[in-house]
Structures are given as C-alpha cells and as structure tokens.
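# Fold and geometry: a report
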Amino acid sequence: MDSVSFILFGATGDLAKRKIFPALYNLFLDEKLTAPFSIIGLSRREWTDEAFQLHVKESLSHFSRRFRKEENRLAEFLQAFRYCALDVTSSADYEPVLNLIESREEELGIQGNRLFYLSVAPEFFDIIASNIKERGIGTSKGWKRLVIEKPFGHDLASAQQLNEKLSTAFREDEIYRIDHYLGKQMVQNLESLKLANPIFQSLWNNQNISSVQITASETVGVEERANYYDRAGAIRDMFQNHMLQLLMMTAMQFPEQIGPEYIRHEKRKIMKSLRSLTKENVAFQVIRGQYDSGEINGKQVAAYKEEPGVESSSTNDTFIAARLWIDDPSWRGVPFYIRTGKRMEKKSTKIVIEFKNTLHDLQEGHNEKATPNLLIIEISPNESVSLQLNLKNPLNYGQAEPVTLHFSAPGKDVPEAYESLIYDALRGDPTFFAHWKEVELSWNWVQPVLEAFAENILPLHSYPAGSMGPKAAHQLLEEDGFKWW
Ligand SMILES: NC(=O)C1=CN([C@@H]2O[C@H](COP(=O)(O)OP(=O)(O)OC[C@H]3O[C@@H](n4cnc5c(N)ncnc54)[C@H](OP(=O)(O)O)[C@@H]3O)[C@@H](O)[C@H]2O)C=CC1
Ligand SMILES: O=C1O[C@H](COP(=O)(O)O)[C@@H](O)[C@H](O)[C@H]1O
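Just so you know, these numbers come straight off a predicted model, no measurement behind them. (Residues numbered from 1 in each chain as written. Chains lettered and ligands numbered in written order. Predicted model: local features only at pLDDT ≥ 70, side-chain atom pairs only at ≥ 80, totals over all residues. Heavy atoms only, no water.)

## Considering helix 5 (residues 125-134)
Every buried residue of helix 5 is listed here: F125, D126, I128, A129, N131 and I132. In this structure, the buried side of helix 5 is in contact with strand 1 (5-9), helix 4 (94-108), strand 4 (114-118), strand 5 (144-148) and helix 6 (156-169). Remark: G136 follows helix 5 within two positions and exhibits a positive phi of approximately 75°. (Buried < 20%, exposed > 50% of the residue type's maximum accessible area, 1.4 Å probe, protein only. Helix = DSSP H or I, 4+ residues; strand = E, 2+ residues; numbered from the N terminus. Contact = heavy atoms within 4.5 Å.)

## Notes on the site of ligand 2
Every residue close to ligand 2 is listed here: K150, H180, Y181, K184, E218, R225, D237, M238, H242, K342 and K347. A distance of 2.5 Å separates an oxygen atom of ligand 2 from a polar side-chain atom of Y181. The separation between an oxygen atom of ligand 2 and a polar side-chain atom of H242 is 2.7 Å. When the free accessible area of ligand 2 is taken as 390 Å², the share hidden by the protein chains comes to 80%. Within the shell around ligand 2, the residues separate by chemical class into two nonpolar, two polar and seven charged. (Near = heavy atom within 4 Å. Polar contact = N/O pair within 3.5 Å; in protein donor to acceptor, adjacent residues only side chain to side chain. Areas by Shrake-Rupley, 256 points an atom, 1.4 Å probe, with all protein chains shown as cover. Nonpolar A, V, L, I, M, F, W, Y, C, P; charged D, E, K, R; others polar.)

## Description of the site of ligand 1
Around ligand 1 there are 20 residues in total, and T12, D14, R18, R45 and V120 lie nearest to it. Note that an oxygen atom of ligand 1 is positioned 2.8 Å from one of the side-chain N or O atoms of R44. The separation between an oxygen atom of ligand 1 and a polar side-chain atom of R45 is 2.7 Å. Contact with the protein chains covers 76% of the free accessible surface of ligand 1, which is 880 Å². A per-element tally of the shell around ligand 1 places helix 1 (residues 14-29) first, with three residues.

## Observations concerning the side chain of S273
In this fold, S273 is placed in helix 10 (residues 260-273). For S273, the residues in contact, after removing those within four places along its chain, are W325, I326, D327 and D328.

## What to know about the UniProt feature "binding site: substrate" (unreviewed entry) in the protein chain
The UniProt entry lists H180, K184, E218, D237, K342 and K347 under the feature "binding site: substrate" (unreviewed entry), expressed in the numbering used here. Inspection of the secondary structure assignment puts H180 in the loop between strand 6 (175-177) and helix 7 (185-195). Exposure remark for H180: the relative accessible area of 25% places this residue in the partly exposed category. Excluding residues within four positions of it along the chain, H180 makes contact with H242, A417, Y418 and L421. Turning to its location among the elements, K184 is positioned in the loop between strand 6 and helix 7. Not counting the four nearest positions on each side in its chain, K184 is found in contact with I379, S380 and A417. (UniProt positions renumbered as here; feature names shortened; annotations may be inferred.)

## Points about the packing of helix 1 against helix 2 (residues 49-63)
For the pair helix 1 and helix 2, the least separation of the axes is 9 Å and the interaxial angle reads 90°. The angle between helix 1 and helix 2 places the two elements in the roughly perpendicular class. Contacts between helix 1 and helix 2 pair K17, R18, F21, P22 and Y25 from the former with F52, H55, V56, S59, L60 and F63 from the latter. Split by residue class, the contact of helix 1 with helix 2 holds seven nonpolar, two polar and two charged. (Axes fitted to C-alpha atoms, helices over the stretch in contact; angles between N-to-C directions. Parallel < 35°, antiparallel > 145°, perpendicular 65-115°, else oblique.)

## A short note on the pattern of salt bridges
Under the criterion given, the structure shown has 29 salt bridges. For D49, the salt bridge identified is with R82, shortest N-O distance 3.9 Å. You can see D49 sitting in helix 2 and its partner R82 sitting in strand 3 (residues 81-85), a full 33 residues away along the chain. What makes R82 buried here is its relative accessible area of 18%. Note that E174 is salt-bridged to R171, the shortest N-O span being 3.5 Å. On the basis of relative accessibility, which here comes to 7%, the residue E174 falls in the buried class. (Salt bridge = Lys/Arg side-chain N within 4 Å of Asp/Glu carboxyl O.)

Shown next, in the form of structure tokens:
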C-alpha cells in the first residue's frame, strides 16, 4: 500500500472522535498504515497542532479498545497529525491547506497520494469537492480519492444533483461512498457464505427459498439528533441506504469473477429488477410507524413526539417495514421483507432466509411441528450463522423437531466497520462502498414512498417503545402465510 496524506474535513466532530481516529489507530497498530503517513485535520475552530493531537489522544482514551494496552506507541501515532483551521465555504482558506499538505509530503517523502475524508454535514460535500479541484489540492503526482459520509442526498433529485457536482471534481472510481453496514464483518462474509459453500450456492433461488427477512431493530430513540432525524425518518436514515444494501448483498447472484466491478454489477442487477411502487400502491407494501412511550430494559421512555426538538405534531417515521419483490428468474415469487426502527425491543440486525417447507407439504395435517429450515445470519450485536434443521426426536414419538447448527464469529478484536472501510479506501478497493448507480437505483425505488409519506397517503401506525413495531408490520407477513422470526 502507498504512503498517503489523509485529509480529514470535520476533524473536530463527533464521527471523527468516535469512529475515525480509533479506526486509524488500529490500522497503525496493525501496521496497515504504510509509514510515513500524514494526517491533516481541518475544521473552523482555531486549534494548534498540539491541541489537535491532545483531542485525538482524548478521543482514543474514550473510544479505542486498544488505547491502554498499546499506549507506548501512541506518541509515534500522534506525531503524524497536523491541524489547519478552515471554513469550507471560504475559497481563500484552502491555500494554507494546500501549503500544509505539500510541506508535509515533502518532509515525509510522500508521493502525493491524497485521501480526502468528508466528515462534515452533507450540504458541504459539493463545495469541498469543487474547492479541492479549483484550488489545485487534488492535483499531484499521486492518486486522489474522496470518501464521503451519508446521507447522499435527501431524495432522488438531490442525490443526482450532488453526484453531478462531485463528478466535476472526482471520477466515479475516485469516490468512496461510505455505508458502514457494508463494513460489518458478517455483511462482508455474505459473499463468501454463498461463494465458498456449494450447498448454499445451489439453494440460493426461488426453487428452494420461500422468503427472506432483513431486520435492523434498535433500542435507542432519536437521541440528540432530532434536527436531522425528524427530516430524515427511518426511510432515509436506514432504509434507503443500509437496508437496501443488505438486500443487494443477500440477493445478488454469484459474480462471474471475484472483483469489485463484478460484485457491483450483480448488486445493480438486483436493484434494477426490484418491482417499483407507485405512490398510490405504497400502502399495500409499506408500513410506517412512530414510537409511542413505553418500557425498554425496565426503563420508561418517552414517545417520539415528546423527544427534545421534535414537534408534537410530527408525522415522521421511526419505523418502516416493507415487502419487496425482485422480478428476475432467480427470485420471482419470493417476498423480501425489510423492517427497521428505533425504540424497539432489542438491538438486532439479522437476515433470515426461510426455505420452502417440503416436509410440511408432504405431511400436511400430520406434522404440525415441522418448521421450515432457516438460515439466520446475525450481523449485530452478535455475529453468527445458524442453520435450523428438522430432526426426528425418538423421545417424542419420532416427531420432527427443530435443531440448530450454530457458528459464532469471534467477536473480540474483529476489525470494526470503519477500520475495514478506511483500510479499503486507502488501498483502493471499492468493493464495500456504494457505487453511484446503486445509490441512484435505491433512491429511485424509495422516491414514491417518500412522496406517499409526505402526502400522508398511508397510515402512521404507533407502536409502544420496547415492542417489535406496529401490528400492521406483523400482518404484512401474515397475509402471505409468514411471520417475523
Ligand atoms: N456521528 C455519527 O455517528 C455519524 C455521522 N455521519 C455523518 O458524518 C458527517 C459528520 O457527522 P458528525 O461528526 O456527527 O457531525 P458534527 O456536527 O459532530 O461535526 C461536524 C464537523 O464539521 C465541522 N464544520 C462545520 N461547519 C464547518 C465549516 N463551515 N467549515 C469547516 N468545518 C466545519 C465542525 O467543526 P467546527 O465547528 O470546528 O467547524 C465539525 O468538525 C455527517 O455527514 C453525518 O451525517 C454518518 C454516520 C454516523
Ligand atoms: O447510520 C445509522 O446507523 C445507526 C445504526 O448503526 P448500527 O451500526 O448501530 O446498527 C443508526 O442508529 C443511525 O440512526 C443511522 O444514522
């Protein structure tokens, strides 16, 4: 891997503190950051290099699990950090930034490879990209890459506009759109679960699978993010990006070859085959909900409308469930159910593949207990794969009963999502980043839902905090003869 300048916009912010510095520190400790490297922090406040280094140190003391264990290497790591104050909207402020980048590159002998990480509010993405171009910061002997955070747009039109603006400064292959769900180890494992296991390869289709469910439930509420969340809702915050990425990763067929372009091609094919909705029929396929007060882990919590910063008349969605259909030969007839929400009973992200229940079909009326085979992929908080099978129990008159084969991935010391993703961006592997076409196709599917929500065409179901969502979300599956696992 090349030596790089890592240029961090929004260096004093929350994401930098909680995720980016700890990820960089781990990469450094694991010798995955090629020495020498330069890290330049940028944001408005007037900090010295020393103040910035102290901030990084404090962030690591709170958020890095390896801080105490490997403190002896900390000074070496912090030496790489420099700081420059800049207002991203002021073109003149970019000149000292360029000077600093170049002087550090010269001092360290770095060949001009520059990774720009935009950990700032999305309204700044385009102005930063164009200033990087205009002010010559992206012009050097080495490569340049742009890493951007979500959200990528607010709807289809704004995402398209943003992409157009970014593409005047960066080529698509230079843009790395972070979706941190793609950095989760079990999501990255989906590819090998299918590819490396012929038994699943041959079963991964509508001949054998009756339905697929993807759940991301959270116990947290809106926290201090009402200003953003009340305009985004679960549909933009989780569904359009993370949930649809999980759908693509689950449903994509085996690429002809391993490689980012082949995988991304397969993902795009899934999105193109998704049956589109119209604003008028959204209500038949989508359930929206908002949490009411309730109890979570023995603690009483407030209703969404009573959260600080939320209007008492808010119709924002804190829960969404949907039934999607992939109209291609492999998946035709298999419903994909997706649900995600805040203030639910438990924190759990998982994918459940339900196989067709042939035993049940053969012995209708005789063997009520035969449950379908299930492949359960737990993504968080635990990382595991379980396969539920049926076996006869000789102690119970030979009745078929479910038994489970279970594998738990080693939780400790597994790289966190940000660590894997930053490493991939540094070495130029875009496999687990969202390609523009995936993002555009996702917005395209979601757009009628946004419109139906905005026009209040479908009911807003309330659900008690601490539950698994509104009743209507259960009915959505029951009407097809399924249930959420
Ligand atoms: N925090 C999280 O967990 C997550 C965040 N994200 C995304 O990451 C990005 C950053 O989020 P987060 O860190 O939470 O946001 P914060 O509000 O905590 O940080 C924003 C950063 O931007 C800087 N900034 C604001 N205005 C300017 C300006 N005009 N010029 C230069 N710098 C400016 C701020 O520093 P200063 O005030 O000193 O200028 C600060 O460093 C957003 O796109 C967010 O959606 C995505 C997933 C999770
Ligand atoms: O992107 C986001 O994700 C988190 C959930 O992430 P997880 O890794 O804890 O599952 C969510 O809480 C947040 O609202 C959203 O912006």
